[in-house]
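What follows is the residue order along each chain.
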Amino acid sequence: MIPEIGQFALIIALCLAIVQGIFPILGAQLNIRPWMAMARPVAQGQFIFIAISFACLVYSFVTDDYSVLYAASHSNSLLPIQYKVAGVWGGHEGSLLLWAMMLGLWTFLVSIFSKNLPDEMVARVLGVLGLIAVGFLLFLLLTSNPFERLLPAAPDGRDLNPLLQDFGLIIHPPMLYMGYVGFSVAFAFAIAALMGGRLDAAWARWSRPWTIIAWSFLAGGIGLGSWWAYYELGWGGWWFWDPVENASLMPWLVGTALIHSLAVTEKRGGFKRWTVLLAIIAFSLSLLGTFLVRSGVITSVHAFATDPERGTFILAFLVIVVVSSLLLFAWRAPKIEQGGKFEPVSKETMLLVNNVIITVIAAAVLLGTIYPIIIETLASLGLIEATNKVSVGAPYFNAIFVPLLVPLVFLVGIGPLARWKKADMPDMLRQLRWAFIASAIVAVVVPFLMGGWQWMAALGMVMAMWIVTTAIYSIRVRFRSTNAELPWGHRLNAIPRSFYGMHLAHIGVAICIVGGTLVSNYMSDKDVRMDIGDTVEVGGYTFRFDGVIEIKGPNYIANQGMIQVLQDGHEVMSLKPEKRVYTVQTMPMTEAAIDTGVWRDLYVSLGEPVSGGAWSVRVYHKPFVSWLWAGVILMVLGGVTAMTDKRYRVMARKEKKAKAEAEASNIATSKIATEKA
Amino acid sequence: MKARYKRMMFIVLGLVAVAAIAALILNALQSNINHFFSPTEVVANEAPKDRTFRLGGLVEVDSVKREDDGLTVHFNVTDNSEIVTVKYTGILPDLFSEGQGVVAQGKLGSGGVFEAEEVLAKHDETYMPPEVAEALEKAEDAAAQGAAK
């Protein structure tokens, strides 16, 4: 019964989404007020019904209803409760439902926090979001119904993939999807602005906080995914340039460009067309990511068992979205007026170059990711000679990422100090000479402290320090420009939050660079065969293998290795990596033991039993690896800080007042009109 | 005149930057593409000799052998028609097992042994890399044709 309610709720949500996608938009075009007014209640209703549907699926999982096919294939009665819930998004159908619910949630939030927007704008934004929801709900109902029944019911479930039975998986997909789907709001704002022909600073100010928060979620989601891969896959990598990772990185990169471009649109009224285009691209890349993950066209560690029908549907949806929004753009963009003029050396130019570099990186990642598909398609069309299947290796991405990051980081340092319209480059460089000298000294010293000169390490350190020192300088300059008579706290408070947010996020980038550079250049690892009592030295620590004991978990049995870590002959800790076998799927899984520290992680995982109690063991010493995730956390905090900037609220209040006045005068005029009549 | 000159400078600089970036990307792409070969193709000498490529198929049952160091593993990859022996030093991914699909990346060494630098892991045990599925299908078709003749 409950699953049928879930499915029925989904169908109602689809009907509401269709209404939401048609009437408010038409209402805004034809100026029919009641149609526009439908937007909010219908959008809220749509969200409520998707949430009901989602709750029904959770219920099926929690109550072990294995007459639901999806639950039977992704859960098991022995599974701990938190993984039963997380199992809901452990497979294709459920994660799409989660996606649809996130879209509903964003729509709901827009409907609530848009009191001060003009009615046409709200109607159009919610309408566009409704159209997107129609696409996803149709996709769910037609190709991936999570409520499909299994008759007769399975006696027990096939269990959730053991790799996914982990805390990281509970939060990684929801966070990532909040980010992915969040760009639909920026997209909806852009399309609404194109429809209404209203592309101004006010529009940029409305869509900016939404974009920033979506970007923050996406950053958090990517960071969590990377952290999960690090500790769960058992080989200590944190980024693999896997197509699915790339699929989340591309919209994030374009989103980063969008945030910077929106700044110009808001402050200087420039880059309007470019901003709109970026919003369209960011969302299209989110859809492309879904296509890549769901269709299985590319070999990836994330690929689910796939179905060509689903791939075709998403591809068709992607094409419709991209083509229709680009057509709208081509039709409307020429009417958009130019922004303010600026000199070749100015903040605008720097943000422009920043945008170009980030877009190029995103494009290069895109090329590397879909290159196998391009080659195959060209070959099947007979345009090039058919070859064997190809794949693009990780070195390709590194070869592009690193050289392009250098100029980008230079701009991160100098951009915040540059003036709008016209900046004085020699003067800025003079001001920043100490920052540069400090960075250079750190860059020379750190590699020697870490154990030896490495060019890449020095480069990484100079970039990271450059960001940090220039940020400090820039905050100091800003602080000095505040009223010196006020107390410290007031002066710090006088600086807008978005300014702090920007520097927090930039410093986050620096911290990530430190982590990434140092761990890749100074990591040491050993794969060894260890008999009981054997020791191995890695990174100044001695690891002694004391054998393996068997332990029993709720739904697995494991061999637990006992490894003593010694430093200067003293025992400092014991690490207990496990090799688990999950009983339902009889799938082996390596559970690494990690000692996390500020300066280094010690990471031990078990390979296989070799003979007579000996095991193959993998031991890593990973300096500064946790800085990678600390950096991501700073970026997220930066985003959240920027989003809560006062001006969004102050301006919102002003706009609300203006709107109320406008309405009052409207009513007044219509009254006069009726009286005259 | 001056404004025009400046604009020209910008366009030239922009073009140079675009050309440099394009060269960077194409060069990186050129040297990092890995082709996929099936055991049949490797045996027929179609695979490159000194370049990294990907070999895929099924791990032949009862073919996994470990050397005394406990880390070097030999196993056979088959497309049910031909066999290539793979040598790999290190710890194999969890989902590596006999009879399952596998993709290994590496180079062809002496004596036709494929020296793998990396053996790819998959999240899902029911998942078969499309390349492997295709290679198996091809070999089967070829065998069927051979039988028909």
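Along each chain, residue indices are assigned from 1 in the same order as the chain's sequence is written. Each chain is given a letter, starting from A, and each ligand a number, starting from 1, according to the order in which they appear as written. Owing to the predicted nature of the model, reporting of local features is limited to residues with pLDDT of at least 70; listing and counting of side-chain atom pairs is limited to 80 or more, with chain, interface and lining totals taken over all residues.

## What to know about the overall build of chain B
Then, in step 1: Helix and strand assignments follow DSSP, with helices taken as H or I runs no shorter than four residues and strands as E runs no shorter than two, numbered in order from the N terminus. A tally of helices and strands in chain B yields three helices and seven strands.
Then, in step 2: The buried share of chain B, taken over its 149 residues, is 34%.
Then, in step 3: Taking the intrachain contacts of chain B between residues at least 6 apart in sequence as the baseline, contacts between residues at least 24 apart amount to 57%. Counts of 20 or more other C-beta atoms within 10 Å of a residue's own C-beta define buried residues, counts of 12 or fewer define exposed ones, and intermediate counts define partly exposed ones; C-beta atoms are placed from the backbone. We call two residues in contact when their backbone-placed C-beta atoms lie within 7 Å.

## Re the nonpolar core
Then, in step 1: Ala100(A), Ala186(A), Phe189(A) and Ile467(A) are the most contacted members of the largest nonpolar core, which has 212 residues in total.
Then, in step 2: Here the element with the most residues in this core is helix 8 (residues 167-196) of chain A; it accounts for 19 residues.
Then, in step 3: Counting residues domain by domain, this core receives three or more from each of domain 1 (2-395) and domain 2 (524-624) of chain A.
Then, in step 4: As used here, a nonpolar core is made of buried Ala, Val, Leu, Ile, Met, Phe, Trp, Tyr and Cys residues. They are joined through C-beta atoms within 7 Å. Core analysis: the next-biggest nonpolar cluster, separate from the first, contains 28 residues, Phe37(B), Phe75(B), Tyr88(B) and Phe114(B) among them. The domain limits used here are those given by an automatic or database domain assignment.

## Structural notes on the confidence of the model for chain B
All names here are of chain B.
Then, in step 1: Per residue, pLDDT measures the predictor's confidence, with a range of 0 to 100. Predicted confidence across chain B gives a mean pLDDT of 82, with 89% of residues reaching 70 or more.
Then, in step 2: Mean pLDDT values for the elements of chain B range from 73 in helix 3 (residues 130-148) up to 91 in strand 5 (residues 83-89).
Then, in step 3: Two numbers describe this predicted complex: its pTM, 0.91, and its ipTM, 0.83.

## What to know about the sheet that holds strand 10 (residues 600-611) of chain A
All names here are of chain A.
Then, in step 1: Across the sheet, which stays open at both edges, the four strands sit in the order 2-11-10-9 with antiparallel pairing between neighbours. For this open sheet the edge positions go to strand 2 (524-530) and strand 9 (593-595), each flanked by a neighbour on one side alone. Between one strand axis and the next, the sheet turns by 15 degrees as a mean value, whatever way the strands run. A pair of strands is considered paired only if DSSP assigns at least 2 bridges between the two. Here, axes are lines fitted to C-alpha atoms. For helices the fit covers the stretch in contact, and angles between N-to-C directions go from 0 to 180 degrees.

## Focus on the pairing of strand 4 (residues 72-78) of chain B
Residues and elements named next belong to chain B.
Then, in step 1: Where burial is concerned, most of strand 4 is hidden: five out of the seven residues are buried.
Then, in step 2: For strand 3 (residues 65-66) and strand 4, the ladder comprises two bridges, and the chain directions are antiparallel. Residue pairing across strands places Arg 66 opposite Val 73, the latter belonging to strand 4.
Then, in step 3: Counting the residues between successive antiparallel strands, the hairpin from strand 3 to strand 4 contains five residues, one of them, Gly 70, with a positive phi of roughly 80 degrees.
Then, in step 4: Across seven bridges, the pairing between strand 4 and strand 5 is antiparallel. For Asn 76, the partnering residue across the bridge sits in strand 5 and is Thr 85.

## With respect to the packing of helix 3 (residues 39-62) of chain A against helix 7 (residues 119-143) of chain A
All names here are of chain A.
Then, in step 1: Orientation of helix 3 relative to helix 7, taken along the N-to-C sense of each, is 30 degrees, at an axis distance of 9 Å. Relative to helix 7, helix 3 is oriented roughly parallel. Crossing hand, helix 3 versus helix 7: left-handed. Each of Ala 39, Arg 40, Ala 43 and Gln 46 in helix 3 lies in contact with helix 7, whose residues at this interface are Val 122, Ala 123, Leu 126, Gly 127, Gly 130 and Ala 133.
Then, in step 2: Among the residues making up the contact of helix 3 with helix 7, the classes are represented as six nonpolar, three polar and one charged. An angle below 35 degrees is treated as roughly parallel, one above 145 as roughly antiparallel, one from 65 to 115 as roughly perpendicular, and anything else as oblique. For any helix crossing, the convention is left-handed if the near helix is rotated counterclockwise from the far helix by under a right angle, and right-handed if that rotation is clockwise. Note on residue classes: Ala, Val, Leu, Ile, Met, Phe, Trp, Tyr, Cys and Pro are nonpolar, Asp, Glu, Lys and Arg are charged, and everything else, Gly too, is polar.

## Some thoughts on the domain arrangement of chain A
All names here are of chain A.
Then, in step 1: Here the domain parsing of chain A yields domain 1 (2-395) and domain 2 (524-624).
Then, in step 2: On a C-alpha basis, the centres of domain 1 and domain 2 stand 39 Å from each other.
Then, in step 3: Counting residues at the interface gives 11 residues for domain 1, matched by 15 residues for domain 2.

## Concerning the pairing of strand 6 (residues 101-108) of chain B
Residues and elements named next belong to chain B.
Then, in step 1: With six of eight residues buried, strand 6 lies mostly within the body of the structure.
Then, in step 2: Where strand 2 (residues 53-59) meets strand 6, six bridges bridge the pair, whose relative direction is antiparallel. The residue bridging Gly 57 from the neighbouring strand is Val 102, located in strand 6.
Then, in step 3: Pairing of strand 6 with strand 7 (residues 114-119), which is carried by five bridges, proceeds in the antiparallel orientation. Note on strand 7: the bridge partner recorded for Leu 108 is Phe 114.

## Structural notes on the packing of helix 9 (residues 201-232) of chain A against helix 10 (residues 243-268) of chain A
Residue and element names in this part refer to chain A.
Then, in step 1: The interhelical angle for the contact between helix 9 and helix 10, taken along N-to-C directions, is 150 degrees, at an axis separation of 9 Å. By the criterion of interaxial angle, the relationship of helix 9 to helix 10 is roughly antiparallel. Our pair here, helix 9 against helix 10, has a crossing hand that is left-handed.
Then, in step 2: Among the residues forming the contact of helix 9 with helix 10, the class breakdown is 14 nonpolar, eight polar and four charged.

## Digging into the environment of Trp599(A)
Residues and elements named next belong to chain A.
Then, in step 1: Along the chain, Trp 599 turns up in the loop between strand 9 and strand 10.
Then, in step 2: Assessed through the 10 C-beta atoms surrounding it within 10 Å, Trp 599 is described here as exposed.
Then, in step 3: Each C-alpha atom, one on Trp 599 and one on Pro 426, is 38 Å from the other, the two residues being 173 residues apart in sequence.
Then, in step 4: Excluding its chain neighbours within four sequence positions, the residues that come into contact with Trp 599 are Pro 623 and Phe 624.

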